[in-house]
Structures are given as C-alpha cells and as structure tokens.
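Inside the fold
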Amino acid sequence: VGIDNGMREYFFGEDGATKWNIARLEEELGDAYTHFDLDVRDREAMEQIVAEHTSGLACVIHTAAQPSHDWAAKEPHVDFGINAVGTMNLLEALRLHAPETPFVFTSTNKVYGDTPNRMPLVELPTRFEAPEDHTYFGGIREDMSIDQTLHSVFGASKVAADVMVQEYGRYFDMPTACFRGGTLTGPSHSAAELHGFLAYLVRCALSGRHYSVFGYQGKQVRDVIHAHDLVAALLAFVDAPRSGAVYNIGGRSKVTIRQLGEEIARICGVPLTLPETTSAVAGAPQHVEVDLTRAETEFGKTAYVPLEEGLRRTIDYQRHLYS
C-alpha cells in the first residue's frame, strides 16, 4: 500500500513530481500494489487506511515529508502540518489499530541543526574537516544535542516528528525507530534544485542547466547513502524491532559538494562549472559525517553501494530520461 498525494510537485514543480513513479509501481507490481491519493495531514483518512489493512500489516515505512529548508520558510504551516502533524497522525492510527506493527521514520541528520558547525572545524583548501582529537572525529553520534541550535523551520518540524516517534515507542511501548539520514541518492530520485541536490546536479551536468552552490564555496562535507542501502537498514530494523530507537545512517562517503560535481562531470564526460556563492542555507552544517556504530552493531554493515557506483546508476537513469 502506498500513500502519496503528489505534494512534491506543489513544492518543487514538474521536476519534483512523483506521479511517474506511482505509475511505474502500478504497472510493474499490478494487483500487488494499491495506491491511495491521500494527505498524511488528514487524520481520519490515515486512521481508516491503517484500520482497513491491519491484517498482515508487516510494517509502516514513513517517508512522507516536506523536505526543503528554503521551501519551509515560505509556508511554515504546511511544512509543520506534513512533517510533524502527519507523523503524529500515523503514529496514533497505529497505536489505536496495530500497536505491535514496526514503525520506521526517515528522519534527518538536520535534527542536529548547526551544532556540527560548533566543532573546531579546520578549513582546508578543498573541504572542512574535524580535528582528529575531537570526540566526533569520524562521525556524529546519536548523543549529539539537538537542543539550543539553529535548525531552520524544516529542521524544527523534523525534530518534532523525531521526538514524537521516540515518545510513542517509549511511552506506549511501540516498535518505533528514527533513522537520521543525510544525502540520499539513487537512480529514480525526482530531483529539484531545492531538494535532491545530487541527482539534480547530475541533471544539470547532462542538460547544461546552471547549478548554484549554496554557501561555503562547495567545501561542505556530506555523507551520501544510496537508497538501496537505506532500505536495507530500515528492513533490518523491521526484522528486529525495538522501542523508541534512534540511528544515524550514512554511506561513509565523506565527500564535498565540489568533489561530487567534479566526479559527476568526469563520469558524464562533460564540463561542469560550479560557481561560488556566499548565501548558505540557514541552519546548514559545514561538515556532516555520521557515526554508524549503533546501526552496524545492531544490524551489521549498512553500506553496500560504493559512491561511484551509485553515481553511475543515477547518471545512467538520468541519461535515459534525456535520451
């Protein structure tokens, strides 16, 4: 069962639309897939869907979101309604009708706000790096504070959802988990400038579009994980659920925006110029690398698709779209 009301196109225009992927699922899976054009903000509808499908319900994977820092500031009520209230609606529907069903929430490492920027980062010629003697050298752990920091409106709504998922797990003893991911990639990402920057960067390289770097001269470090590996981690939790679990999740890539641009240009065989800008997104960290110890201790190694292979898959798919 899939729930998607096409809001991504409202956020980001045609580039961000997901209707093509819904059509693909319906064609490839046939009667095995049922789609509902519903809004997660509709409390009664969410409760009805869960109530009607409690028989054989293996899990709920909650990925619905307004995912952009910039867009959230334009319509904060919509952002909070989807990210926070929508999450609450799903949790409450499960509590009432299927409390034993594992609930997996795709949170974000943006719940840490700009706290990572408070580390004594060293600005090197091509990147920001944490000193080797710092407690978070090698990655941010789940014990980093999410309080007293600048999150952006989007980050704050995701914090609200993240904390509520934990609370339902602990208070009601429900199997819930927050997976705090970062830069997600994969071949079928409906990428737009304001979200899905890596696939959008590929589109720019292939189509000759202009690409803007938002702040830090492209030296900001990101932890790229392939969708295949994220799904593997989510399903590992479903197989061995816990109450109120929190996991940082990433791909151990530790790559900068400029490095990604250079690598994509090399693989595509096209020139790609990344102009320098000075307007960083509010709350955006300069260096994000996550510590995978907790997730890997419980589920085993999570990263299987190397960065270059993931980029090649994305490039091949985007080439198909433009061919």
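In the block above lies the structure referred to throughout.
This report concerns the structure included in the present document. (Residues numbered from 1 in each chain as written. Predicted model: local features only at pLDDT ≥ 70, side-chain atom pairs only at ≥ 80, totals over all residues. Heavy atoms only, no water.)

Comments concerning the overall build of the protein chain
Threshold: Numbering of helices and strands runs from the N terminus, with a helix taken as a DSSP run of H or I at least four residues long and a strand as a DSSP run of E at least two residues long. The globule rule used here is 2.2 Å times the number of residues to the 0.38 power, and the radius of gyration it is set against is calculated over C-alpha atoms. Exposure categories follow from relative accessible area, calculated using a 1.4 Å probe and restricted to protein chains: below 20% of the type maximum is buried, above 50% is exposed, and the middle band is partly exposed. Here a residue-residue contact requires only that any non-hydrogen atoms of the pair lie within 4.5 Å. Computed with the Shrake-Rupley method and a 1.4 Å probe, the accessible areas treat only the protein chains shown as cover for residues. The sign given to each residue is positive for Lys and Arg and negative for Asp and Glu; His and the chain ends receive no count. A single reference atom marks each charge: NZ on Lys, CZ on Arg, CG on Asp, CD on Glu.
In terms of helices and strands, the protein chain carries eleven helices and twelve strands. For 323 residues, the compact-globule formula gives about 20 Å, and the C-alpha radius of gyration of the protein chain, at 19 Å, lands near that figure. The C-alpha extent of the protein chain, read off along each of the three principal axes, is 55 × 50 × 40 Å. In the protein chain, which comprises 323 residues, the share counted as buried stands at 52%. Considering only intrachain contacts with a sequence separation of at least 6, the fraction spanning at least 24 residues in the protein chain is 84%. Just so you have it, the protein chain exposes about 14,700 Å², and 52% of that area is on carbon and sulfur atoms. If the 28 positive side-chain charges of the protein chain are averaged to one point and the 44 negative ones to another, these points end up 5 Å apart.

Some remarks on the packing of aromatic side chains
How we decide: Stacked, tilted and edge-to-face are the three classes assigned to paired rings of Phe, Tyr and Trp, where Trp is represented by its six-membered ring and a pair needs centres within 6.5 Å; plane angles under 30 degrees give stacked, over 60 edge-to-face, the rest tilted.
Throughout the structure, instances matching the rule amount to 14 aromatic pairs. The interplanar angle of 65° and the centroid separation of 6.3 Å between the aromatic rings of Phe237 and Tyr247 together place this pair among those described as edge-to-face. Taken as a pair, Phe237 in helix α8 (residues 227-239) and Tyr247 in strand β11 (residues 245-248) lie far apart in primary sequence, ten residues in all. In this structure Tyr247 comes out as buried when scored by relative accessible area, which is 1%. Linked through ring pairs, Tyr10, Phe11, Phe12 and Trp71 together constitute an aromatic cluster.

Description of the environment of Gly250
With respect to the helices, strands and loops of the structure, Gly250 is situated in the loop between β11 and β12 (255-256). When the C-alpha positions of Gly250 and Gly139 are compared, they lie 9.8 Å apart, and in sequence the two are 111 residues distant.

A short note on the pairing of β11
Put simply, the test is: Strands are treated as partners if at least two bridges between them are detected by DSSP.
Residue alternation in β11 divides its side chains into two sets, Ala245 and Tyr247 and Val246 and Asn248, and both sets are buried. In the sheet, strand β7 (residues 176-181) pairs with β11 via four bridges, with the strands oriented parallel. For Ala177, the partnering residue across the bridge sits in β11 and is Ala245.

Topic: the pattern of salt bridges
Rules: Salt-bridge detection follows one rule: a side-chain nitrogen of Lys or Arg within 4 Å of a carboxyl oxygen of Asp or Glu.
Counted by the stated rule, this structure contains 20 salt bridges. One network of salt bridges, with partners in common, ties together Arg127, Glu129, Lys254 and Glu289.

Quick word on the pairing of β7
The element β7 is largely enclosed, with a buried count of six among its six residues. Residues of β7 alternate between two faces, with Thr176, Cys178 and Arg180 on one and Ala177, Phe179 and Gly181 on the opposite face, all of them buried. Across six bridges, strand β4 (residues 103-108) lies against β7 in parallel orientation. Note on β7: the bridge partner recorded for Thr108 is Gly181.

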